[in-house]
Amino acid sequence: MSLFTDISIPQLNITYKQPLGLYINNEFVASSDHKQIETVNPATNTVITSFYAASDADVNTAVTAARQAYEQVWSKTSAEHRGRLLHNLGQLIVENKELLAAIETLDSGKPYYTNALADLDQISQLTTYYAGAADKYNKGQMIPISHEKYAYTVRSPYGVVAQIVPWNYPLAMASWKIQGALAAGNTIVIKPAENTSLSLLYFAQLIEKAGFPPGVVNVLPGLGAVTGSSLASHTDVDKIAFTGSTAVGQKIMALAATSNLKAVTLECGGKSPAVIFDDANLDEAVKWTTAGIFYNSGQNCTANSRLLVHESVYDEFLEKFTKYAQEEWKFGSSLDPFDESCTVGPVISKAQYDRIQGYIEHGKSQEKLSSKEIGSPVESEGFFIPPTIFIDVTAESKLAQEEIFGPVAVVLKFKDYDEAIALANNNAYGLASAVFTEDIRKANFFARDIRAGTVWINSSNDEEISVPFGGFKMSGIGRELGESGLEAYTQTKAVHVNISKL
Ligand SMILES: NC(=O)C1=CN([C@@H]2O[C@H](COP(=O)(O)OP(=O)(O)OC[C@H]3O[C@@H](n4cnc5c(N)ncnc54)[C@H](O)[C@@H]3O)[C@@H](O)[C@H]2O)C=CC1
Ligand code: BAL
């Protein structure tokens, strides 16, 4: 199989050259065993192309390249220069914005105009942030001890870091990891999700163009259980950062522990509550929470998939929510994510489609829950699931406890603050939360009492790249974005300086 292929996207009148190889030492190569993975367009369930899948041997080759690059070049590169190369990368991202977004839509099914272009805007913003941060945040401390001794600390990069990312925000999740790790002075081996590798493979070409030396960033598409596991257990990888399901995060943490006790950052699953109190601005709450569950077809780890509503406004909220969602969150006229009217695309795969439909069927047939289909089911080869809400759900419901990761929310009722916070915390996850109230004390009591890594007050899912992101409980370990995105890729070295004369 060739290392490149031409791909056409007629909806945007684009034809481009798609890399299909592993990206090691700033060049594309075939996998050692020539194994390949097919990637499918989720809107049509048709094969787009196949690309090479990295073997254990390829992982070792890439890690060796990253190690040599770190020891011989990158560890001797100034923070100012790292920032300058990231600035170059940011300019190339802007120049390639529309094409990168189009590849993302083709491969993941996310709507081009409302989602993919917005992902690229976030990527540009965070690249600029880390380009500027590289020579500013990695400072240590000077610690005077005595007349004849002082100490200082240094924020050292880990060295070679492995990164594994999911399919819901392919290039954004990769950029959350790559840009911070580079700014902090590490070299990288990153594995995209097998069902959405095309955008990162195209993006890899920008690495060399931006001036990064060979081996600084290596991109290894491949199967999670093969390439991913190999990275997690490799003894010459100093740190691994993962975004994806909690179940896989636990496997990775175990491999990290038993291999070489490498450092770990885990961004895992969520079942985030949005709590609407009786004094909430309901129109605002509806606007934010419909986006909070239906944006990206609900494939959002911080999706507010549990709606907890005070009993006195429950019926009014449900009526407003349903009406607004029917108007704003829909497949569009042609079931095409490239259509400007599309705000809800297909879910990523047949496997995810079946998994989500399983939850919907369970809710209806096993738990006899009432549901409202915001949109109508469609006849399509694609994996389109209409936005759905289940009402009058109890805390013990399978649909209230487990992550569905699709355009499906559950609505629960509460009578007072204590019941609301108890319901909100009654879950194994703790990634994010939202609260809607006009009472500043109640809002801050909630922010204090909720066990979640992110709290949105009178909004939902409006991320900021300068604000730390990560979860409590089974939602993960560590933080990304903002200064955390640099701290996560450095470790502190303490130097004691004795100037006494014995
Ligand atoms: N906290 C966060 O920021 C995010 C969390 N997620 C969570 O991820 C899940 C959905 O994404 P998926 O891609 O299905 O997750 P997943 O865990 O199946 O896959 C994520 C990545 O892990 C890799 N992988 C799979 N098995 C592996 C193994 N045994 N060893 C090493 N790597 C392996 C996959 O190839 C992929 O690149 C949901 O639970 C979602 O909430 C997704 C995106 C962001
Ligand atoms: N919204 C970005 C975190 C995620 O991947 O879902």
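Because the structure is predicted, anything quoted here is derived from the model rather than measured.

**Topic: the overall build of the chain**
Part 1 of the reasoning: Helices and strands together make up the secondary structure of the chain, namely 15 helices and 24 strands.
Part 2 of the reasoning: Taking 2.2 N^0.38 as the reference for a compact globule, 502 residues should give roughly 23 Å; the C-alpha atoms of the chain span a radius of gyration of 23 Å, in line with that estimate.
Part 3 of the reasoning: Counting only C-alpha atoms and orienting by the principal axes, one finds that the chain spans roughly 75 × 65 × 40 Å.
Part 4 of the reasoning: Counted over contacts in the chain with a minimum sequence separation of 6, partners at least 24 positions apart contribute 73%.
Part 5 of the reasoning: Accessible surface for the chain amounts to roughly 19600 Å². Of this, 51% is attributable to carbon and sulfur atoms.
Part 6 of the reasoning: With 40 positive and 56 negative side-chain charges, the chain shows a spacing of 7 Å between the two charge centroids.

**Things to note about the packing of aromatic side chains**
How two aromatic rings sit relative to each other is set out by the distance from centre to centre and by the angle between their planes.
Part 1 of the reasoning: Enumeration according to the criterion identifies 17 aromatic pairs in this entry.
Part 2 of the reasoning: Aromatic side chains Phe277 and Tyr417 sit 6.0 Å apart centroid to centroid with 10 degrees between the ring planes, which places their arrangement in the stacked category. One end of the pair, Phe277, is in the loop between β14 (273–276) and α9 (282–294); the other, Tyr417, is in helix α13 (residues 417–425), and 140 residues separate them in sequence. Across the pair, exposure class does not vary: Phe277 and Tyr417 are buried alike.
Part 3 of the reasoning: Each ring, one from Tyr417 and one from Phe445, has its centre 6.5 Å from the other, and the planes form 75 degrees; the classification is edge-to-face.

**Focus: the nonpolar core**
Part 1 of the reasoning: If you look at the biggest cluster of nonpolar residues, it comprises 80 residues, and the most contacted ones within it are Leu89, Leu182, Phe203 and Phe212.
Part 2 of the reasoning: With 10 residues, the top contributor of residues to this core is helix α4 (residues 112–133).
Part 3 of the reasoning: Counting contributing residues, this core receives three or more from each of domain 1 (4–268 + 477–493) and domain 2 (273–463).
Part 4 of the reasoning: Setting aside chain neighbours within four positions, we find Leu182 in contact with Trp74, Arg82, Leu86, Ile188, Phe212, Val216 and Val217.
Part 5 of the reasoning: Core analysis: the second largest hydrophobic core is formed by 31 residues, Ala274, Ile276, Tyr314 and Phe436 among them.

**Quick notes on the site of ligand 1**
Part 1 of the reasoning: As a matter of local geometry, ligand 1 sits amid 27 residues, with Val165, Glu194, Ser245, Cys268 and Glu403 nearest to it.
Part 2 of the reasoning: Here Trp167 contributes a side-chain N or O atom positioned 2.7 Å from an oxygen atom of ligand 1.
Part 3 of the reasoning: Take Glu267: an N or O atom from its main chain is 3.4 Å from a nitrogen atom of ligand 1.
Part 4 of the reasoning: In isolation ligand 1 has 830 Å² of accessible area, and contact with the protein removes 90% of it.
Part 5 of the reasoning: Considering only residue class, the shell around ligand 1 consists of 14 nonpolar, 8 polar and 5 charged.
Part 6 of the reasoning: Formed jointly, the shell around ligand 1 draws a minimum of three residues from each of two domains, domain 1 (4–268 + 477–493) and domain 2 (273–463).

**Considerations on the pattern of salt bridges**
Opposite charge on two side chains makes pairing possible when the charged atoms of those side chains draw close.
Part 1 of the reasoning: Under the defined criterion, the tally for this structure stands at 20 salt bridges.
Part 2 of the reasoning: Note that Arg67 is salt-bridged to Asp238, the shortest N-O span being 2.8 Å. Note that Arg67 is positioned in helix α1 (residues 56–72) and Asp238 in the loop between α7 (224–233) and β12 (239–243), a separation of 171 residues in sequence.
Part 3 of the reasoning: On the basis of relative accessibility, which here comes to 23%, the residue Asp238 falls in the partly exposed class.
Part 4 of the reasoning: Between Glu373 and Lys364 there is a salt bridge, with its nearest N and O atoms 3.2 Å apart.
Part 5 of the reasoning: A relative accessible area of 36% places Glu373 in the partly exposed class.
Part 6 of the reasoning: What you see here is one network of salt bridges that share partners, running through Arg67, Glu71, Asp236 and Asp238.

**As for the site of ligand 2**
Part 1 of the reasoning: All residues adjacent to ligand 2 are Asn168, Tyr169, Met173, Trp176, Asn300, Cys301, Glu463 and Phe469.
Part 2 of the reasoning: Separating an oxygen atom of ligand 2 from a side-chain N or O atom of Asn168 is a distance of 3.2 Å.
Part 3 of the reasoning: Relative to its free-state accessible area of 220 Å², ligand 2 is covered by the protein chains to the extent of 97%.
Part 4 of the reasoning: Of the residues assigned to the shell around ligand 2, the class counts are 5 nonpolar, 2 polar and 1 charged.
Part 5 of the reasoning: If you count residues domain by domain, the shell around ligand 2 takes at least three from each of domain 1 (4–268 + 477–493) and domain 2 (273–463).

About the thresholds
- Residues numbered from 1 in each chain as written.
- Chains lettered and ligands numbered in written order.
- Predicted model: local features only at pLDDT ≥ 70, side-chain atom pairs only at ≥ 80, totals over all residues.
- Heavy atoms only, no water.
- Helix = DSSP H or I, 4+ residues; strand = E, 2+ residues; numbered from the N terminus.
- Rg over C-alpha atoms; globule rule 2.2 N^0.38 Å.
- Contact = heavy atoms within 4.5 Å.
- Areas by Shrake-Rupley, 256 points an atom, 1.4 Å probe, with all protein chains shown as cover.
- Lys, Arg positive; Asp, Glu negative; His and termini not counted.
- Charge placed at Lys NZ, Arg CZ, Asp CG, Glu CD.
- Phe/Tyr/Trp six-rings, centres within 6.5 Å; stacked < 30°, edge-to-face > 60°.
- Buried < 20%, exposed > 50% of the residue type's maximum accessible area, 1.4 Å probe, protein only.
- Core = buried A, V, L, I, M, F, W, Y, C linked by side-chain atoms within 4.5 Å.
- Domains from an automatic or database assignment.
- Near = heavy atom within 4 Å.
- Polar contact = N/O pair within 3.5 Å; in protein donor to acceptor, adjacent residues only side chain to side chain.
- Nonpolar A, V, L, I, M, F, W, Y, C, P; charged D, E, K, R; others polar.
- Salt bridge = Lys/Arg side-chain N within 4 Å of Asp/Glu carboxyl O.

So, to be careful, I would describe these as geometric facts and stop short of saying anything about function.
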